[in-house]
Amino acid sequence: DTAVSQTPKYLVTQMGNDKSIKCEQNLGHDTMYWYKQDSKKFLKIMFSYNNKELIINETVPNRFSPKSPDKAHLNLHINSLELGDSAVYFCASSPGTANNEQFFGPGTRLTVL
Amino acid sequence: GNSVTQMEGPVTLSEEAFLTINCTYTATGYPSLFWYVQYPGEGLQLLLKATKADDKGSNKGFEATYRKETTSFHLEKGSVQVSDSAVYFCALKDGGGADGLTFGKGTHLIIQP
């Protein structure tokens, strides 16, 4: 059984387009996250949600808009894609807001041409 | 702010060699510490964790001890295998909020037969 899943796995698109990445977790966790991994493998938190409410927005451009329709889903919509948005995006979840480990999805490799 | 520093890679070892990957951290509170592993083309998997000073995390032959006096969490394995080749990330989570993990830059480990 897949714990944290993301779709699509690969996404290739043109500059200026709008795209979405979906994330679902079947672990019953309350908290979900989006991370960006750049070409040098550096990972940085973008957003965190707890019980469908936005908790953290780490200076991400407002072209990025997360949406959490329910506790099990956290989708990422990106408007007006730019070349610098090319990266691997990881969704993660954790049981709560304590110092628990986070469970990561397989990642979505976004390439903006 | 919080930060994690880990040794730059790539680290290349022969099979059955002893492995150490250094990790030091800076945190304002009392963080939990983690090692994650990323195999090629995959997401991050939790390798081990420690939640308080002097705790030792261990898994699959890997160990790391939370050293508060030296603010370190070095990863060790007594005898590496080719299948251990991956990128290893040291990370911390500080406090009970829905903060994301703060990651080091990752260490690429290559094990040669």
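What you see is a predicted model; the values in this text were computed from it and never measured. (Residues numbered from 1 in each chain as written. Chains lettered and ligands numbered in written order. Predicted model: local features only at pLDDT ≥ 70, side-chain atom pairs only at ≥ 80, totals over all residues. Heavy atoms only, no water.)

### Re the overall build of chain B
Then step 1. In terms of helices and strands, chain B carries zero helices and twelve strands.
Then step 2. In chain B, the succession of α and β elements from N to C terminus is β-β-β-β-β-β-β-β-β-β-β-β.
Then step 3. The C-alpha atoms of chain B give a radius of gyration of 14 Å, which matches the 13 Å a tight globule of 113 residues would have.
Then step 4. Out of the 113 residues in chain B, the part that is buried amounts to 46%.
Then step 5. Put simply, of all contacts in chain B between residues at least 6 apart along the chain, 57% involve residues at least 24 apart.
Then step 6. As displayed, chain B offers around 5,100 Å² of accessible surface, 48% of which is attributable to carbon and sulfur atoms.
Then step 7. With 9 positive and 12 negative side-chain charges, chain B shows a spacing of 6 Å between the two charge centroids. (Helix = DSSP H or I, 4+ residues; strand = E, 2+ residues; numbered from the N terminus. Rg over C-alpha atoms; globule rule 2.2 N^0.38 Å. Buried < 20%, exposed > 50% of the residue type's maximum accessible area, 1.4 Å probe, protein only. Contact = heavy atoms within 4.5 Å. Areas by Shrake-Rupley, 256 points an atom, 1.4 Å probe, with all protein chains shown as cover. Lys, Arg positive; Asp, Glu negative; His and termini not counted. Charge placed at Lys NZ, Arg CZ, Asp CG, Glu CD.)

### Quick look at the layout of surface pockets
Then step 1. Estimates place the volume of the largest pocket at around 310 Å³.
Then step 2. When contributions to the lining of the largest pocket are tallied by element, the ones reaching two or more residues are β9 (87–94) and β11 (108–112) of chain A.
Then step 3. For the lining of the largest pocket, the leading source of residues is β11 of chain A, giving four residues.
Then step 4. In terms of residue class, the lining of the largest pocket is built from eight nonpolar, eight polar and five charged.
Then step 5. In this model, the second largest pocket occupies a volume close to 220 Å³.
Then step 6. Surrounding the second largest pocket, 15 residues form its lining, I45 and E58 of chain A together with G100, L101 and T102 of chain B being those nearest its centre.
Then step 7. When residues of the lining of the second largest pocket are traced back to their parent elements, those giving at least two are β5 (43–50) of chain A together with β10 (86–93) and β11 (102–103) of chain B.
Then step 8. Counting residues per element, the lining of the second largest pocket draws most heavily on β5 of chain A, at three residues.
Then step 9. Residue composition of the lining of the second largest pocket, grouped by class: seven nonpolar, three polar and five charged. (1 Å grid on protein atoms, 1.4 Å probe; cavity = no way out; pocket = protein on both sides within 12 Å on 5 of 7 lines; lining within 4 Å. Points joined across faces, edges and corners; volume = space filled by probe spheres on them. Nonpolar A, V, L, I, M, F, W, Y, C, P; charged D, E, K, R; others polar.)

### Overview of the nonpolar core
Then step 1. Formed by 26 residues in total, the largest nonpolar core has its most connected members in W35, L47, L48, F73, L75 and Y88 of chain B.
Then step 2. With four residues, β10 of chain B is the single largest residue contributor to this core.
Then step 3. The contact partners of L48 of chain B, leaving out residues within four places of it in the chain, are L33, F34, W35, G57, S58, N59, F62, E63, A64, F73 and L75 of chain B.
Then step 4. Listed in part, the 20 residues of the second largest apolar core include V4, W34, F64 and L81 of chain A. (Core = buried A, V, L, I, M, F, W, Y, C linked by side-chain atoms within 4.5 Å.)

### Details of the sheet that holds strand β7 (residues 56–59) of chain B
All names here are of chain B.
Then step 1. Strand order in the open sheet formed by four strands is β3-β9-β8-β7, and the pairing between neighbours is antiparallel. Only two strands of the sheet have a single partner each, and these edge strands are β3 (19–21) and β7. Put simply, the sheet's adjacent strands are angled 15° from each other on average, direction ignored.
Then step 2. Pairing geometry for β7 and strand β8 (residues 62–65), over four bridges, is antiparallel. Bridged to K56 within β8 is T65. (Pairing = 2+ DSSP bridges. Axes fitted to C-alpha atoms, helices over the stretch in contact; angles between N-to-C directions.)

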